[in-house]
Amino acid sequence: MVEEVLCTGSSDARPHLATFAEMLCDLFRDPPFNFDWRYGDHDDPSSALGFLSLLESEGATFWHIPGEDGAIASFAFGIVLTQRIIEALGLANFEGTTHPQVGDYYCAGAATAKPYRKRGYFSHLAERRLDDARAKGCRRVWVRTHTQCGIVRHTYGDNRGFEIAGTYTANQGSGTMTSVMMYRDLVEC
Ligand SMILES: CC(C)(COP(=O)(O)OP(=O)(O)OC[C@H]1O[C@@H](n2cnc3c(N)ncnc32)[C@H](O)[C@@H]1OP(=O)(O)O)[C@@H](O)C(=O)NCCC(=O)NCCS
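The present account deals with the structure reproduced in this document.

About the criteria used
- Residues numbered from 1 in each chain as written.
- Predicted model: local features only at pLDDT ≥ 70, side-chain atom pairs only at ≥ 80, totals over all residues.
- Helix = DSSP H or I, 4+ residues; strand = E, 2+ residues; numbered from the N terminus.
- Rg over C-alpha atoms; globule rule 2.2 N^0.38 Å.
- Contact = placed C-beta atoms within 7 Å.
- Near = placed C-beta within 6 Å.
- Nonpolar A, V, L, I, M, F, W, Y, C, P; charged D, E, K, R; others polar.
- Pairing = 2+ DSSP bridges.

Focus on the overall build of the chain
Then, number 1: A count of helical and extended segments in the chain gives 5 helices and 7 strands.
Then, number 2: In the chain, the order of α-helices and β-strands from amino to carboxyl end is β-α-α-β-β-α-β-α-β-α-β-β.
Then, number 3: A compact globule built from 189 residues would reach a C-alpha radius of gyration of about 16 Å, and the chain, at 15 Å, matches this within 12%.
Then, number 4: Along the first, second and third principal axes, the C-alpha set of the chain runs to 45 × 35 × 30 Å.
Then, number 5: A separation of at least 24 residues holds for 63% of the contacts in the chain among residues at least 6 apart in sequence.

Set out below in structure tokens:
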């Protein structure tokens, strides 16, 4: 049984943003991402801390799984898309078979620290975000990842029925990434 900590508002999430930002800088350095995130500050959305602060200010929910000695083993965050977030993430330029819309849910980021990998933490936090999307009445959930990130494609595509809407290359604070956009409808039409 995985015990996670849920941060639903700024007073809950704010104290952890600095650690999450450090983890973004550290854990996305490896292939296939090869990101060069700057830690940055709250006011700079192109930095790791600013990116998280922007999401937090637009209502994102954050979860983390505690590790040993006060460390964070794994964390993830999701958000109901606003126009501001669609533009900030470069999602407005995506042209696929379908595209993210205001009110859809977006799994905005996740990482597991290396000593805690392959324990099911990422899968657990994927489920939490799907639950959050359902609770908030979202019709659709989106995930963006590097085209070569097989773990994410497997976790959402093979295990949770997400479909591919297309691929695209976009600039973001951490660098340029060729992404695959995956989605799942939560409401049967
Ligand atoms: C991707 C990442 C979050 C996975 O974290 P994790 O907690 O180890 O993942 P889980 O243990 O929940 O495993 C999820 C699934 O991927 C599989 N998996 C995990 N690591 C794997 C690996 N190295 N090779 C192959 N499959 C792997 C698991 O077997 C599991 O599938 P299953 O349920 O069918 O058995 C972690 O590797 C990471 O932080 N990577 C760097 C940052 C990143 O890629 N974040 C996601 C960006 S969108």
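Things to note about the site of the ligand
Then, number 1: Around the ligand lies a shell of 20 residues, among which Ala-111, Thr-112, Arg-117, Phe-122 and Ser-123 are the nearest.
Then, number 2: At the level of elements, β4 (105–112), α4 (121–135) and α5 (150–160) are the ones that each hand at least two residues to the shell around the ligand.
Then, number 3: The leading source of residues in the shell around the ligand is α5, at 5 residues.
Then, number 4: Looking at side-chain class alone, the shell around the ligand contains 9 nonpolar, 8 polar and 3 charged residues.

Some thoughts on the pairing of strand β3 (residues 72–80)
Then, number 1: The sheet contact formed by strand β2 (residues 61–66) and β3 spans 6 bridges and is antiparallel. The residue of β3 that forms the bridge with Thr-61 is Gly-78.
Then, number 2: Where β2 folds back onto β3 in an antiparallel hairpin, the turn is made up of 5 residues, including Asp-69, whose phi is positive at roughly 55°.
Then, number 3: In this structure, β3 lies alongside β4, joined through 7 bridges in antiparallel fashion. Looking at the pairing, Gly-78 lines up with Cys-107 of β4.

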